[in-house]
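Structural features, examined
Listed below, chain by chain, are the residues.
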Amino acid sequence: MQEGLSQSKRQIYIMIALLFLLLFLFVNSLVFGSVPLSFSDVIGLLLFQEPRNLEVSTIILQFRLPRSATAVLAGVALSLSGLLMQTFFKNPLAGPYVLGINSGASFGVALIIFCGSLFPLGFFFSGVTRIAAAFLGAVFVFVLVFMISERLKNKMTLLIVGIMIGYFTSGLVSLLIFFSRASEIQSFLFWTFGSFRGVGFNQLAYFLPSVIVGVLFALWAIKPMNSLLLGEDYAASMGVDIKATKKKIILSGSILTGTTTAFCGPIAFLGIAVPHLCRWFFHTSNHRVLFPAVILMGADIALLAEIIAQLPGSGLTLPLNAVTALLGAPVVIWVIFFKKNI
Amino acid sequence: MELYKTDGLTIGYKKTFGETILGENFELRLSKGEMVCVLGPNGVGKSTLLKTMAGLHTPLMGKAYLMGMDVHGLRKDQLARKVAVVLTERIDAVSMTGFEFVSLGRYPYTGGLGKLRERDINVVLKVMRETGTIEFRDIAVGKLSDGERQKVLVARALAQEPVLLILDEPMIFLDITRKFELFQMLRTLSVQKKMSILLSTHDIDTALRFADRLWLFGSEKKITAGSPEDLMLKKAVHDLFKDPLIQYDKTNGCFLQKPQFIKKAYLVGEEDYIYWTRRVLERKGFAVSLNQSDGTLKVQVQLEDGLPVWKVVYQDGRNVFHSLLEMGDFLEMIREDCLKN
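1. Concerning the overall build of chain A
Helix and strand counts for chain A stand at 13 helices and zero strands. Scanning chain A from its N terminus toward the C terminus, one meets helices and strands in the order α-α-α-α-α-α-α-α-α-α-α-α-α. Taking 2.2 N^0.38 as the reference for a compact globule, 342 residues should give roughly 20 Å; the C-alpha atoms of chain A span a radius of gyration of 20 Å, in line with that estimate. Seen through its C-alpha atoms, chain A measures out along the principal axes to roughly 65 × 55 × 35 Å. Within the span of chain A, comprising 342 residues, buried residues form 57% of the whole. Restricting the contact set of chain A to residue pairs at least 6 apart, pairs at least 24 apart contribute 78%. On chain A, roughly 15100 Å² of surface is accessible, and the fraction owed to carbon and sulfur atoms is 74%. Taking the average location of the 21 positive side-chain charges in chain A and that of its 11 negative ones, the two points are 9 Å from each other.

Dropping the structure here:
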């Protein structure tokens, strides 16, 4: 291949480095937590050796493994939907959180919890219902923002509209919580803080396939997305079916954001920041490169955020959104200052 | 051979109530290998015409046929193998390399993930060589100059291997050298590759020289087609820009700002110097007359020892100048005098 050899070689090296970093962070995330464990405990367990005691294996398998897996899935899903939205809206500051897609999903979940408090049926809390509600909420807001964006030429007004829709839905969510039964409120409030820790293996059984479906839809949109960077007229002139592509992007973005929000709560800044980090590291806006890059980088950053939140060695746990904000906000500011392009 | 034809094509925009019609019942023909320039004042609908013909915009009525196929009924990827466009939309400084950018044009030929096959890569490299953009292969498109980016855009369009290339004001940001380079390249494509080229421009001079055919899109929602020369002789181009301030120079085939003359001047002398002396006189507001009895001013150009000398007689005073700059200053004084009285 003569496809700019040095450039693509460099990209492959960074990709491999990110992969190794992922493995390194994953193992580390199993080590750190409220109960101190050692590397050898984790490595030993991963190599199917007999654990030191049953407690160690329970902590790792029942709590930390699902938590780390959730972090990886959420990082992948949110970062990828951030990439989709930035290209879709031709807006470098678009992302699931900024545009209120997160809040739409929260609203869906809140509605389910509220209904659950009215009609005490276990069915309402099952993974499928939760995902479906979050997905529908996300689609609703995504389509709404999209329809508004068709009428707006200014990129900044779109963001303001997105933020307002976010506030509006959050307001509705607060109302729903207010009228919910006390017993549901606590778990729901915990969920609104955003966390990778609330997901067990039985929920991962829903979370994983949904993310895979979302990623597959996104994969289907890679090819037209590069052309969309030139604007819709150019894309159409190259044979892109604009309407179909938009549907794919909305579907994929909503599945990814919706399911992640359903299980982890609203998590800020991953979606908006990771695509920019990738464009910066890989020097490209080519989606064929960015797609795998965003997946790896998203997983890495999410795991890193979770490890930092554990505050290794302290026994304390920080709120996840505080960590993602500290990591992500500087990236966003950097984008506004130094980059005009997406 | 006829490549493209329109049948009662009516272009414009649908609005919430009613529609805005920009042009009605166009019966246009485009032959294989022909280069056609669309001329017309701003806002008349040239871009809409081009986008409609490229299948990017739905006509209000009528049909457009490319090689007998309905352009607006054809599948988008099928159409993209036949028609490529270069539009006026500015490309946001995309951080893609020249190669990645041009290879976007292979979209209608690649599979589900857009992976380039060997043939695709060869086509991309070939069009990059032909358009002189191969040196930008590894350079981010955002870092290129306007002229370079325009060439990359043309290369991207050519990578679609079109039979019809449509360009909307492709020379708008280009300096004169780049402009001629681009026109020469388009000319070569139409002559050697038998590619049909349809472009809109405001550059009447260049269009008159290079185009096989002109489409004059006037403000009466009609298009007059014909060869540049016929249309010039019929004064059709002249009528296109009806403006009291603009005057058409028939001998040179170009448009000039109509001068506002205040006086007449009689001009004689060395043939080589007459043209530019006349330009100075006209700029300063003197209509040039060839009748000696005419005019408040008499200008004579002579060669003395191989150098030009301008002798100006005004109100019985004789003034000698050795450059047109000096003479121009003098004429300016006279003009100011005349305007005062």
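2. A short note on the overall build of chain B
Scanning chain B from N- to C-terminus turns up eleven helices and 18 strands. The globule rule puts the C-alpha radius of gyration for 341 residues at 20 Å, and the 26 Å found for chain B is more than 25% above it. Projected onto the principal axes, the alpha-carbon positions of chain B cover approximately 85 × 50 × 40 Å. Counting all 341 residues of chain B, 50% fall into the buried class. Considering only intrachain contacts with a sequence separation of at least 6, the fraction spanning at least 24 residues in chain B is 60%. Accessible surface, chain B: about 17100 Å² in total, of which carbon and sulfur atoms supply 49%. Taking the 49 positively charged and 45 negatively charged side chains of chain B as two groups, their mean positions are separated by 6 Å.

3. Notes on the sheet that holds strand E7 (residues 83–86) of chain B
Residues and elements named next belong to chain B. Across the sheet, six strands lie side by side as E7-E8-E9-E4-E10-E11; this open sheet has mixed pairing. The sheet is open, and its two borders are formed by E7 and strand E11 (223–226), each paired with just one other strand. Put simply, the sheet's adjacent strands are angled 15 degrees from each other on average, direction ignored. Judged from the five bridges that link them, strand E8 (residues 164–168) and strand E9 (residues 196–200) form a sheet pairing that is parallel. Its bridge partner lying in E9, aspartate 168 is registered against serine 200. Against the sheet, helix H1 (residues 46–53) touches strand E4 (35–39), E8, E9, strand E10 (213–217) and E11, its axis set at about 155 degrees to E8.

4. Notes on the packing of helix H3 (residues 54–88) of chain A against helix H10 (residues 242–264) of chain A
Packed helix pairs are specified by the crossing angle of their axes together with the interaxial distance, meaning the distance between the axes. Residue and element names in this part refer to chain A. Interaxial distance between H3 and H10 falls to 9 Å at its minimum, and their mutual angle equals 145 degrees. When the axes of H3 and H10 are compared, the crossing they make is left-handed. Counted together, Thr70, Ala74, Ala77, Leu78, Leu80, Ser81, Leu84, Met85 and Phe88 of H3 and Lys246, Ile249, Ile250, Ser252, Gly253, Leu256, Thr257, Thr260 and Cys264 of H10 form the full contact between these two elements.

5. Quick notes on the side chain of lysine 179 of chain B
Residue and element names in this part refer to chain B. On the secondary structure map, lysine 179 appears in helix H6 (residues 176–192). On the basis of relative accessible area, lysine 179 is assigned to the buried category, the value being 16%. The contact partners of lysine 179, leaving out residues within four places of it in the chain, are Met171, Leu174, Asp203 and Thr206.

6. Description of the confidence of the model for chain B
Averaged over every residue, the pLDDT of chain B is 87; residues scoring 70 or more account for 94%. Scored as a whole, the predicted complex attains pTM 0.82, and scored at its interfaces, ipTM 0.81.

7. Things to note about the pattern of salt bridges
Applying the stated criterion across every chain yields a total of 23 salt bridges over all chains. The partner of lysine 246 of chain A in a salt bridge is glutamate 150 of chain A, and the shortest N-O contact between them spans 3.7 Å. Here the residue lysine 246 of chain A occupies a position in helix H10, and glutamate 150 of chain A occupies one in helix H5 (residues 127–151), the gap between them amounting to 96 residues. Its relative accessible area of 44% is what places glutamate 150 of chain A among the partly exposed residues. The residue aspartate 77 of chain B makes a salt bridge to arginine 75 of chain B at a minimum N-O spacing of 2.7 Å. The exposed category is assigned to arginine 75 of chain B, whose relative accessible area is 52%. Each member of the salt-bridge network shares a partner with another, and the members are Arg106, Arg117, Arg119, Asp120 and Glu161 of chain B.

8. Some remarks on the packing of aromatic side chains
Residues and elements named next belong to chain A. Applying the stated criterion to the full structure yields 15 aromatic pairs over all chains. For the pair phenylalanine 88 and phenylalanine 142, a centre-to-centre distance of 5.5 Å together with 90 degrees between the ring planes defines the contact as edge-to-face. Within this pair, whereas phenylalanine 88 is found in helix H3, its partner phenylalanine 142 is found in helix H5, the two being separated by 54 residues in sequence. The class of phenylalanine 88 is buried, set by a relative accessible area of 10%. We classify phenylalanine 142 as buried; its relative accessible area is 0%. Between phenylalanine 207 and phenylalanine 263, the ring centres sit 5.3 Å apart and the planes meet at 45 degrees, which makes this aromatic pair tilted. Of this pair, phenylalanine 207 sits in helix H8 (residues 201–228) while phenylalanine 263 sits in helix H10, and the two are 56 residues apart along the sequence. Comparing phenylalanine 207 with phenylalanine 263, the two get one shared label, buried. Grouped by ring-pair contacts, the aromatic residues Phe88, Phe89, Phe142 and Phe146 constitute a single cluster.

9. A few points about the interface of chain A and chain B
On the chain B side, the residues contacting the 25 residues of chain A number 36 residues. Both faces combined, the contact of chain A with chain B buries some 2900 Å², and carbon together with sulfur accounts for 58% of it. In this structure, the connection of chain A to chain B is made through one salt bridge. Linking aspartate 233 of chain A and lysine 51 of chain B is a salt bridge whose minimum nitrogen-to-oxygen distance equals 2.8 Å. On the surface where chain A and chain B come into contact, there are nine residue pairs in polar contact (both at pLDDT 80 or more). Looking at the side of chain A that touches chain B, the elements with two or more residues in it are H8 and helix H9 (232–237) of chain A. Class assignment of the residues belonging to the side of chain A that touches chain B gives a composition of nine nonpolar, eleven polar and five charged.

10. Concerning the pairing of strand E16 (residues 297–304) of chain B
Residues and elements named next belong to chain B. Relative to E16, strand E14 (residues 263–269) runs parallel, the two being bridged by five bridges. Looking at E16, one finds that tyrosine 266 is bridged to lysine 298. Both E16 and strand E17 (residues 307–314) contribute to a ladder of eight bridges, which runs antiparallel. Directly across from glutamine 300, in E17, lies its bridge partner lysine 311.

Parameters at a glance
- Residues numbered from 1 in each chain as written.
- Chains lettered and ligands numbered in written order.
- Predicted model: local features only at pLDDT ≥ 70, side-chain atom pairs only at ≥ 80, totals over all residues.
- Heavy atoms only, no water.
- Helix = DSSP H or I, 4+ residues; strand = E, 2+ residues; numbered from the N terminus.
- Rg over C-alpha atoms; globule rule 2.2 N^0.38 Å.
- Buried < 20%, exposed > 50% of the residue type's maximum accessible area, 1.4 Å probe, protein only.
- Contact = heavy atoms within 4.5 Å.
- Areas by Shrake-Rupley, 256 points an atom, 1.4 Å probe, with all protein chains shown as cover.
- Lys, Arg positive; Asp, Glu negative; His and termini not counted.
- Charge placed at Lys NZ, Arg CZ, Asp CG, Glu CD.
- Pairing = 2+ DSSP bridges.
- Axes fitted to C-alpha atoms, helices over the stretch in contact; angles between N-to-C directions.
- Left-handed = near helix turned anticlockwise from the far one by under 90°.
- pLDDT = per-residue confidence, 0-100.
- Salt bridge = Lys/Arg side-chain N within 4 Å of Asp/Glu carboxyl O.
- Phe/Tyr/Trp six-rings, centres within 6.5 Å; stacked < 30°, edge-to-face > 60°.
- Buried area = accessible area lost by both parts, 1.4 Å probe.
- Polar contact = N/O pair within 3.5 Å; in protein donor to acceptor, adjacent residues only side chain to side chain.
- Nonpolar A, V, L, I, M, F, W, Y, C, P; charged D, E, K, R; others polar.

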